[in-house]
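The lines below spell out each chain.
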Amino acid sequence: MSSILSFAANRTTGAALALSLLAGVAVPKAASAADPSILNGAVTSPAGEKLGGVTVSAKAIGSPISTTVFTDEAGAYYFPPLPPGKYRVWAQALGFETANSEAELKTGARADFSLKKIEDTERLIRQLPGDLILAGLPEDTADDMRMKRIVHNNCTSCHTPSYFLQHRFDEAGWHAIIEAMKSINVYGVYRANQHNPVLDFHQDALAKYLAKTRGPNGGAFKITSRPRPAGEAARAVFREYDVPLNPDQQLPSATPPNNGSDWTKATTSRAGSLPHDAAPDLDGNLWFAAVAPNKTMSVGRIDGKTGALKPFRIDAASGNAATVHGLIRDGEGVIWFNAWMPKGGLAKVDPKTEKVAVYMPPEGMSHIDGPVTLDYDSKGGIWAGTNDGALRFDPVAEKFTEFKSVNPRGPNGAVGQTYGIVGDKDGNGYWSQMAFDTIVKANLATGETTELKLPPVKDEMARATAADNAFYATYGPREIGTPFPWSQGPRRMGIDRERGIIWVANSWSGTLGRVDAKTLQTTLIPLPNTFTNQPYAAIPDKHQNVWTPLWTTDQIAKYDSKAGTWTMFDLPTRGTEVRIPALLERGDNVEVVFAYARSSKIAVLSVRSEADMAAAQAQAQ
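Please read these numbers as outputs of a predicted model, since none were measured by experiment. (Residues numbered from 1 in each chain as written. Predicted model: local features only at pLDDT ≥ 70, side-chain atom pairs only at ≥ 80, totals over all residues. Heavy atoms only, no water.)

Trainee: I'd like to hear about empty space enclosed by the protein, residue by residue, with values.
Mentor: Following the criterion strictly, the structure yields 2 cavities of 30 Å³ or more and no others. The space that makes up the largest cavity amounts to roughly 70 Å³. Surrounding the largest cavity, Arg146, Arg149, Ile150, His202, Glu460, Arg463, Ala464, Asp468, Tyr472, Pro485 and Trp486 form its lining. For the lining of the largest cavity, the secondary-structure elements that each account for two or more residues are helix H4 (142–154), helix H8 (458–463) and helix H9 (466–472). Sort the elements by how many residues they give to the lining of the largest cavity and H4 lands first, with 3 residues. (1 Å grid on protein atoms, 1.4 Å probe; cavity = no way out; pocket = protein on both sides within 12 Å on 5 of 7 lines; lining within 4 Å. Points joined across faces, edges and corners; volume = space filled by probe spheres on them. Helix = DSSP H or I, 4+ residues; strand = E, 2+ residues; numbered from the N terminus.)

The following block contains the structure:
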């Protein structure tokens, strides 16, 4: 591995410096003659081959903010204007060792890199994101395919497959891993007497399959690749903000030894990570839900310019801060979130005044609970999920209205908790029951609820053996992380309120559901790879693009619903487990904000135009 660093002198002014410091989460603009010079350079192989789509990151020494860009087809990269200072700069691509350097950005700098290929097989595997880990599992026989689906559906409910499959164990070792996993629910809570029945049933076959694949001798794993970013994906700019680890959890270090920034260090542990959902306020500051138990914060606010963190605490009966799962910004710019205290309530904070208010549903009404998601409707109502339906809160009257799922329970003790939720322009609400493959609609005017049932995945039903069918005939999922092999898995949803179109992320089938809000007529749209692409949420922007985090692949996908095309944006961090995205739309610009639930960061994605790139290239000459 080698890197070559050189410096170039360019002009800077006080006004330009101010502009660069105010960049925050705003969409980066093309450099002008008055801007500080762009940090730029080129990336090649040792043989001199120009490498396009390489991830190049820069982080000022002592700063919590990293900025990432990608090389173009000629192997060149151009950062947006950055504040002066000393920077760490690093370049990486799948299959290559990470190259590191430093640059002091006074009036600009240039850093060129030469990437060396990784020769060791295990180092190659540890560098892989979750989709390529899944793709590497064998599928040579029908039994292989059945076990691969069990890994996909039941072993990735809590974490990306790149976390546990970066390791190798013999059959006894995998038995021990499965024994632990089947007693840990999706929230990471160990329950000694509550097993995952699906893992129980398939444990012997699954341990054999995993030992064959990821055993002590290397196994049958096949290393695969995916195209590096090009075109629009290579024009992406990421700003990542480090979130400090949980100060109230006993950890070996206050800072993570591996935060996912260097892919060769593999997927990090989630220990100490606080954020779950994130959203920008109208001033470009970033708010996130603190989902892990702690005494310090229920939600945190990150200054979009400096990266400084300010905690906001709501007291819980336990003495801890109330934990939070779902967080949104409504149409007026107010931040809303649920708060477990231990009963589930609804809370808000006005970013302008920083005043916090908490509202508890009255006794006799279901509390806000489960894998909670929030949304708002065009009438001003706030929607939140419960274990058996949803609540709508009227902020003016400070009144809750309750709606029940058509079928909150199913055969064999099945439980259909509410997962994703949206509100439409008429004040109606819609929610998903992930375990039941169901979308429920609540009519605000009548109080009635109706439901839409998504079809099962036929190929997986056909692959089931007689023994499988006999077991599943007696089985009912009691939580979201224990699905049938043929489940669709409708997760988080988003809505185009003007057009009345709901978008649903079907996590197990690798599809987006397009649902007409009035008729519930549904079309299933496959992602580029329906097995390895697991969508977590689907949020449309005003240009009719749908942004969907692929939470196990370290990617954000954009679906252009008008053209029917996909763009895959590679995230700069390994092991992100990104959840719900939130949008900040200003003019024609769209910023996508999201949290890394595993690697403890908040990220902002923006995309430069071709004209922006041409101007940056000219400025760097």
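Trainee: Report on the pattern of salt bridges, specifying residues and quantitative values.
Mentor: Inspection of the entire model under this criterion finds 34 salt bridges. Residue Lys106 is joined to Glu104 by a salt bridge in which the shortest nitrogen-to-oxygen separation is 3.8 Å. With relative accessibility at 31%, the residue Glu104 sits in the partly exposed group. A single network of salt bridges, built from pairs that share partners, joins Glu122, Arg168 and Arg214. (Salt bridge = Lys/Arg side-chain N within 4 Å of Asp/Glu carboxyl O. Buried < 20%, exposed > 50% of the residue type's maximum accessible area, 1.4 Å probe, protein only.)

Trainee: So what about unusual backbone geometry? Which residues, and what values?
Mentor: Cis peptide bonds are those with omega within 30 degrees of zero, and the linkage from Met341 to Pro342 qualifies with 5 degrees. Of note, Glu354 is a non-glycine position whose phi angle comes to about 60 degrees, a positive value. With respect to the helices and strands, Glu354 occurs in the loop between strand E16 (344–349) and strand E17 (356–359). According to the relative accessible area criterion, Glu354 is partly exposed, its value standing at 27%. Phi at Leu520 takes a positive value of approximately 65 degrees, unusual for a residue other than glycine. Leu520 sits in the buried class, given a relative accessible area of 14%.

Trainee: Give a description of the side chain of Thr386 that names residues and reports values.
Mentor: For Thr386, the position within the fold is in the loop between strand E19 (382–385) and strand E20 (389–394). Residue classification places Thr386 among the buried residues on the basis of a relative accessible area of 1%. A distance of 2.9 Å separates a polar side-chain atom of Thr386 from the backbone nitrogen of Gly389. If we skip the residues at most four places from it in the chain, Thr386 touches Ser366, His367, Ile368, Asp369, Leu391 and Thr418. (Polar contact = N/O pair within 3.5 Å; in protein donor to acceptor, adjacent residues only side chain to side chain. Contact = heavy atoms within 4.5 Å.)

Trainee: Go over the environment of Ser561 with me, naming the residues and quoting the values.
Mentor: Considering the arrangement of structural elements, one finds Ser561 in the loop between strand E32 (555–560) and strand E33 (565–570). Note on Ser561: relative accessible area 25%, which makes it partly exposed. In this structure the C-alpha to C-alpha distance between Ser561 and Phe221, which are 340 residues apart in sequence, comes to 36 Å. Among all residues touching Ser561, those that are not within four sequence positions of it are Trp503 and Gln544. Among the polar contacts made by the side chain of Ser561, one reaches the main-chain carbonyl oxygen of Gln544 at a distance of 2.6 Å.

Trainee: Tell me about the environment of Asn407, and name the residues and values.
Mentor: Mapped onto the elements of the fold, Asn407 is located in the loop between strand E21 (399–404) and strand E22 (421–423). The spatial distance from the C-alpha of Asn407 to the C-alpha of Asp388 is 8.2 Å, given a sequence separation of 19 residues. Filtering out sequence-adjacent residues up to four positions away, Asn407 remains in contact with Gln433, Phe436 and Glu451.

Trainee: An account of the sheet that holds strand E34 (residues 582–586) is requested, with residue identities and associated values reported.
Mentor: In space, the 8 strands of this open sheet follow the order E7-E6-E3-E4-E9-E36-E35-E34, with antiparallel pairing throughout. Where the open sheet ends on each side, the last strands, each with one partner, are strand E7 (99–105) and E34. The mean inter-strand angle of the sheet, taken between neighbouring strand axes irrespective of direction, is 20 degrees. Bridge count between strand E6 (residues 85–92) and E7: 7 bridges; the pairing is antiparallel. Following the sheet pairing, Tyr87 is matched in E7 by Ala103. (Pairing = 2+ DSSP bridges. Axes fitted to C-alpha atoms, helices over the stretch in contact; angles between N-to-C directions.)

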